[in-house]
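The lines below spell out each chain.
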Amino acid sequence: MIVTVTANPSIDRTIDLAAPLRLGEVQVVASMREQAGGKGVNVARALHAADVDVLAVVPCDGTDPLLAEIAALGVATVAVPTGAPVRSNVTVSEPDGTTTKLNAEGAPLDAEVVTRLIAETAERAATAQWLVLAGSVPPGDTIDLYPRLIAAVRARSAELGVAGPAVAVDTSGPALASVIRSESGRSSVDLIKPNAHELAELAATLGHTEVADGDTLEADPDLALRTAESLLPVLGVGAILLTLGAAGALLVTRDGSWSARPPRITLRSTVGAGDSSLAGYLSAVHAGHPPDRVLALAVAYGAAAASLAGSSVPRPDQTRPDLVEVTALPRIAAGHQ
Ligand SMILES: O=P(O)(O)OC[C@@]1(O)O[C@H](CO)[C@@H](O)[C@@H]1O
């Protein structure tokens, strides 16, 4: 079982335009769609489509349209009532695949909701194989929500005398830094899935001013590799799945590094591509595949998602891992474990 937690879920409203966006003008909308969203929800949707046993934990009321959307897909959920509607995030999608994303901040969670969210997650995830913490945390006093969730799950697993889940985190900014800094400087996170900008921001937050900015890393996969390899022991995480957009992704672990280039696709929408990559990674790890195959699945899922409209996530038959070029890389950075 894989448990995903989406602390700040969303209804994703995608507006498809038949012509490029013209700022400040009136344009006709070609089509509109609404999908259940938020990073952990998207990961759960893709895992469910891949027949992986998954449970999505979401703070939202039982009557919220988000829940009906997820339930209609057959994804198992635990809803923690909040008393507030789920936020709406808007994507404007242009014919060439350019997406402009306007994300609402979301409503703060009351202290009782946070307590219940932590308790529900601990109960459900303590015996799971993976706990996935994905997306932003709501505004307010919850910046340390992810370390609190991890600590509660670890405590519950210990009570039950089980090993507890591996932990994957896909977030950014202070929420990402909070899991790195938890537990006396040593993270108990097994995987982070940043993009180049998120990794650069994390490095800067931790005082590594020598690390290049996100644009530079994304444009230079060798530099991105050296950076991820040098940061791995500093961050104390088990692995970094670094997504590089159209250039593919890198997997950097304590045992080695791999790079992968995606198959050619017709770009429709990158929304949800990173979440689909994480789902591909997890489904492959869950199936016991070796790292090169795991990365191939991650990149195939991300590419397939980018070829689909809106926040859609792919089914396995829509992915082409056979067309992903994976390369095992020699270690080139010093200082790793
Ligand atoms: O505000 P966050 O939580 O960082 O991101 C939310 C979001 O942009 O992420 C998903 C795509 O990755 C969308 O479904 C959703 O709208």
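Small disclaimer: the values here were computed from a predicted structure and weren't measured. (Residues numbered from 1 in each chain as written. Predicted model: local features only at pLDDT ≥ 70, side-chain atom pairs only at ≥ 80, totals over all residues. Heavy atoms only, no water.)

Participant: Got a sec to walk through the sheet that holds strand S3 (residues 29-37)? Specific residues and values, please.
Facilitator: With mixed pairing, the four strands of this open sheet are ordered in space as S3-S2-S6-S7. The sheet is open, and its two edges are formed by S3 and strand S7 (99-102), each paired on a single side. For this sheet, the mean angle separating the axes of adjacent strands, direction not counted, is 20°. By the bridge criterion, eight bridges tie strand S2 (residues 10-17) to S3 in an arrangement that is antiparallel. Note on S3: the bridge partner recorded for Ile15 is Met32. (Pairing = 2+ DSSP bridges. Helix = DSSP H or I, 4+ residues; strand = E, 2+ residues; numbered from the N terminus. Axes fitted to C-alpha atoms, helices over the stretch in contact; angles between N-to-C directions.)

Participant: Quick rundown of the site of the ligand? Include the residues and the values.
Facilitator: Taken together, 15 residues are adjacent to the ligand, and Asp12, Asn89, Lys101, Ser136 and Asp275 come closest. One of the side-chain nitrogen or oxygen atoms of Ser10 is found 3.4 Å away from an oxygen atom of the ligand. At 3.1 Å, a side-chain N or O of Arg87 approaches an oxygen atom of the ligand. Here the ligand has 400 Å² of accessible area as a free molecule, and 88% of this is covered by the chains. (Near = heavy atom within 4 Å. Polar contact = N/O pair within 3.5 Å; in protein donor to acceptor, adjacent residues only side chain to side chain. Areas by Shrake-Rupley, 256 points an atom, 1.4 Å probe, with all protein chains shown as cover.)

Participant: Go over helix H3 (residues 111-125) with me, naming the residues and quoting the values.
Facilitator: In this model H3 runs 21 Å from its N-terminal to its C-terminal C-alpha over 15 residues, within 8% of the 21 Å that 1.5 Å per residue would give. Residues of H3 that are buried: Val113, Val114, Leu117, Ile118, Glu120, Thr121, Ala122 and Ala125. Tucked inside the fold, the buried residues of H3 contact strand S1 (2-5), strand S4 (54-59), strand S5 (76-80), strand S8 (130-134) and helix H4 (145-160). (Expected span 1.5 Å × (residues − 1). Buried < 20%, exposed > 50% of the residue type's maximum accessible area, 1.4 Å probe, protein only. Contact = heavy atoms within 4.5 Å.)

Participant: Kindly report on helix H1 (residues 39-49), identifying the contributing residues and their values.
Facilitator: Structurally, the α-helix is built with 3.6 residues per turn, so residues lying three or four positions apart point the same way. Here H1 lies mainly inside the structure; eight of its 11 residues are buried. Restricting attention to buried positions, one finds in H1 the residues Gly40, Val41, Asn42, Val43, Ala44, Arg45, Ala46 and Leu47. On its buried face, H1 is in contact with S1, S3, S4, helix H2 (65-72), S8 and helix H9 (273-286). Asp51 lies just past H1 and shows a positive phi near 65°.

Participant: Tell me about the UniProt feature "transmembrane region" (unreviewed entry) in the protein, residues and numbers included.
Facilitator: Per the UniProt annotation, the sites labelled "transmembrane region" (unreviewed entry) are residues 231-252. In this annotation, residues 231-252 is assigned 23% helix and 41% strand; the end-to-end C-alpha distance for the span is 10 Å. (UniProt positions renumbered as here; feature names shortened; annotations may be inferred.)

Participant: Talk me through the pattern of salt bridges; I want residue IDs and the actual numbers.
Facilitator: Taken as a whole and judged by the stated rule, the model has 10 salt bridges. The closest approach of N and O atoms between Glu25 and Arg22, which form a salt bridge, is 2.8 Å. The exposure class of Arg22 is partly exposed, given its relative accessible area of 37%. Residue Arg116 is joined to Glu120 by a salt bridge in which the shortest nitrogen-to-oxygen separation is 3.5 Å. (Salt bridge = Lys/Arg side-chain N within 4 Å of Asp/Glu carboxyl O.)

Participant: Let's hear about the side chain of Asn42: which residues, and what values?
Facilitator: Within the secondary structure layout, Asn42 lies in helix H1. Classification of Asn42 by relative accessible area gives buried; the value is 3%. A distance of 2.8 Å separates a polar atom in the side chain of Asn42 from a polar atom in the side chain of Asp275. In this structure Asn42 touches Ala36, Gly37, Gly272, Asp275, Ser311 and Val313, once residues within four positions along its chain are discounted.

Participant: Could you give an account of the pairing of strand S11 (residues 239-243), with specific residues and numbers?
Facilitator: For S11, the tally of buried residues reaches five of five residues, placing the bulk of the element in the interior. The alternating pattern of S11 places Ala239, Leu241 and Thr243 and Ile240 and Leu242 on opposite faces, both of which are buried. Note: strand S10 (residues 191-192) against S11, two bridges, orientation parallel. Counterpart to Ile192 in the pairing with S11 is Ile240. Pairing of S11 with strand S12 (residues 249-253), which is carried by five bridges, proceeds in the antiparallel orientation. Note that in S12 the partner of Ala239 across the bridge is Thr253. Following S11, the chain reverses through five residues before pairing antiparallel with S12; Gly245 in that reversal takes a positive phi of roughly 60°.

Participant: Any details on unusual backbone geometry? Residues and values, ideally.
Facilitator: Here Asp51, not a glycine, exhibits a phi torsion of approximately 65°, which is positive. Structurally, Asp51 can be placed in the loop between H1 and S4. With relative accessibility at 74%, the residue Asp51 sits in the exposed group.

Participant: Explain the packing of H3 against H4 to me, using residue names and the numbers behind them.
Facilitator: Packing of H3 against H4 brings their axes to within 8 Å, and their N-to-C directions diverge by 40°. In terms of axis orientation, H3 runs oblique to H4. In this structure, the crossing between H3 and H4 has a hand that is right-handed. Between H3 and H4, the contacting residues are Val114, Leu117, Ile118, Thr121, Ala122, Glu123 and Ala125 on the first element and Leu145, Arg148, Leu149, Ala152, Val153 and Arg156 on the second. Its residues assigned to classes, the contact of H3 with H4 comprises nine nonpolar, one polar and three charged. (Parallel < 35°, antiparallel > 145°, perpendicular 65-115°, else oblique. Left-handed = near helix turned anticlockwise from the far one by under 90°. Nonpolar A, V, L, I, M, F, W, Y, C, P; charged D, E, K, R; others polar.)

Participant: Which residues make up the pairing of S5, and what values go with them?
Facilitator: Here five bridges tie S4 to S5, and the two strands are oriented parallel to one another. Bridging across to S5, Pro59 finds its partner in Val80. Handedness of the crossover is the feature at issue here: the chain leaves S4, passes through H2, returns alongside S5, and the resulting connection is right-handed. (Right-handed = clockwise from strand over helix to strand, strands pointing away.)

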